[in-house]
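Fold and geometry: a report
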Amino acid sequence: MTIRVLIVDDQAMVRAGFAALLNAQSDIDVVGDAADGKQALEASGRTHPDVVLMDVRMPEMDGLEAARRLLDPPPGVVHRPKVLMLTTFDVDDYVYEALRAGASGFLLKDAPPADLIAAVRVVAAGDALLAPSVTRRLIEDFARTRPAPRRDRALRLNGLTPRETEVLELIARGLSNQEIAGRLVVAEQTVKTHIGRVLAKLDLRDRAQAVVLAYESGLVTPGQ
């Protein structure tokens, strides 16, 4: 199955470079590009991409607002692409807010080409791009400096079983499925099943939102 990608960046050379790289892959097809968030919404409506590579800082409408609108569309709009944020900085307030809005992760613009290709595939498959330690640091930094009201978020965890709560905590600590399986001495498929139940019970799109909720609920605390 071919992954349909929309590239959103206010620099034409960046869009062209990413498009050339991704179109060279047999399983990826760049279906459009846009120079700002407003154009991104229009292009997404026309092309129905699977993944949107979204620059954070752009004129007209920034990537955060565009991501919010794509991930929470108005009534009648059924298409919701995965959103992968692109940023120049390893810690960015906009990126954290995008994760809260439902973005599937973020990638530094100067990441190696292979990382960009892998990121598109990971996000298209329904996983979150959370493996890099910089992502965990970003979430910890903002959870520490701007704690959100915790009580309502903590109450959301009451429906989880003890094992599901344990899995959520390990996800928030940045462990992969394989590492969680090793820690709990269970099969990796069992871990995937637990994660699926956690996401369903908490009405979360992916691991990115699960990590944010784990910190905001107080299940995991920065530096713990």
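Described below are features of the structure shown in this document.

About the criteria used
- Residues numbered from 1 in each chain as written.
- Predicted model: local features only at pLDDT ≥ 70, side-chain atom pairs only at ≥ 80, totals over all residues.
- Heavy atoms only, no water.
- Buried < 20%, exposed > 50% of the residue type's maximum accessible area, 1.4 Å probe, protein only.
- Helix = DSSP H or I, 4+ residues; strand = E, 2+ residues; numbered from the N terminus.
- Pairing = 2+ DSSP bridges.
- Axes fitted to C-alpha atoms, helices over the stretch in contact; angles between N-to-C directions.
- Parallel < 35°, antiparallel > 145°, perpendicular 65-115°, else oblique.
- Contact = heavy atoms within 4.5 Å.
- Nonpolar A, V, L, I, M, F, W, Y, C, P; charged D, E, K, R; others polar.

1. With respect to helix H8 (residues 162-172)
Along H8, the positions that sit buried rather than exposed are Glu164, Val167, Leu168, Leu170, Ile171 and Ala172. Gly174 occupies a position one or two residues after H8 and carries a positive phi of about 90°.

2. Some thoughts on the sheet that holds strand E5 (residues 106-108)
Read across the sheet, 5 strands follow the order E2-E1-E3-E4-E5 without closing on themselves; strand pairing throughout is parallel. Across the chains shown, the open sheet's two edge strands, defined by having one partner strand only, are strand E2 (28-34) and E5. Here the average twist between neighbouring strands, direction ignored, is 25°. In this structure, strand E1 (residues 3-8) lies alongside E2, joined through 6 bridges in parallel fashion. Across the sheet, residue Val8 finds its bridge partner in E2, namely Ala34.

3. Let's talk about the pairing of strand E3 (residues 51-55)
The element E3 is largely enclosed, with a buried count of 5 among its 5 residues. Side-chain alternation along E3 places Val51, Leu53 and Asp55 on one buried face and Val52 and Met54 on a second face that is also buried. Inspection of the sheet shows E1 paired to E3 by 4 bridges, in the parallel sense. Bridge pairing in E3 links Ile7 to Leu53. In the sheet, E3 pairs with strand E4 (residues 82-87) via 5 bridges, with the strands oriented parallel.

4. As for the packing of helix H9 (residues 177-184) against helix H10 (residues 188-202)
Relative to each other, H9 and H10 sit at 105°, their axes nearing to 8 Å. With respect to each other, H9 and H10 are oriented roughly perpendicular. Here Asn177, Gln178, Ile180 and Ala181 of H9 come into contact with H10, specifically with Glu188, Val191, Lys192 and Ile195. Of the residues contributing to the contact of H9 with H10, the split by class is 4 nonpolar, 2 polar and 2 charged.

5. Remarks on unusual backbone geometry
Trans peptide bonds make up most of the peptide bonds, and negative phi angles are found at most residues other than glycine. Located in the positive-phi region is His48, a residue other than glycine, with phi close to 50°. Within the fold, His48 resides in the loop between helix H2 (37-47) and E3. His48 sits in the partly exposed class, given a relative accessible area of 44%.

6. Some remarks on the side chain of Arg207
Mapped onto the elements, Arg207 comes out in helix H11 (residues 207-216). On the basis of relative accessible area, Arg207 is assigned to the buried category, the value being 15%.

7. Regarding H11
An α-helix turns once every 3.6 residues. As a result, residues three or four positions apart point the same way. Along H11, 10 of the 10 residues are buried, which leaves the element largely enclosed by surrounding structure. Taken together, the buried positions of H11 are occupied by Arg207, Ala208, Gln209, Ala210, Val211, Val212, Leu213, Ala214, Tyr215 and Glu216. Positioned one or two residues after H11, Gly218 has a phi angle of 90°, which is positive.

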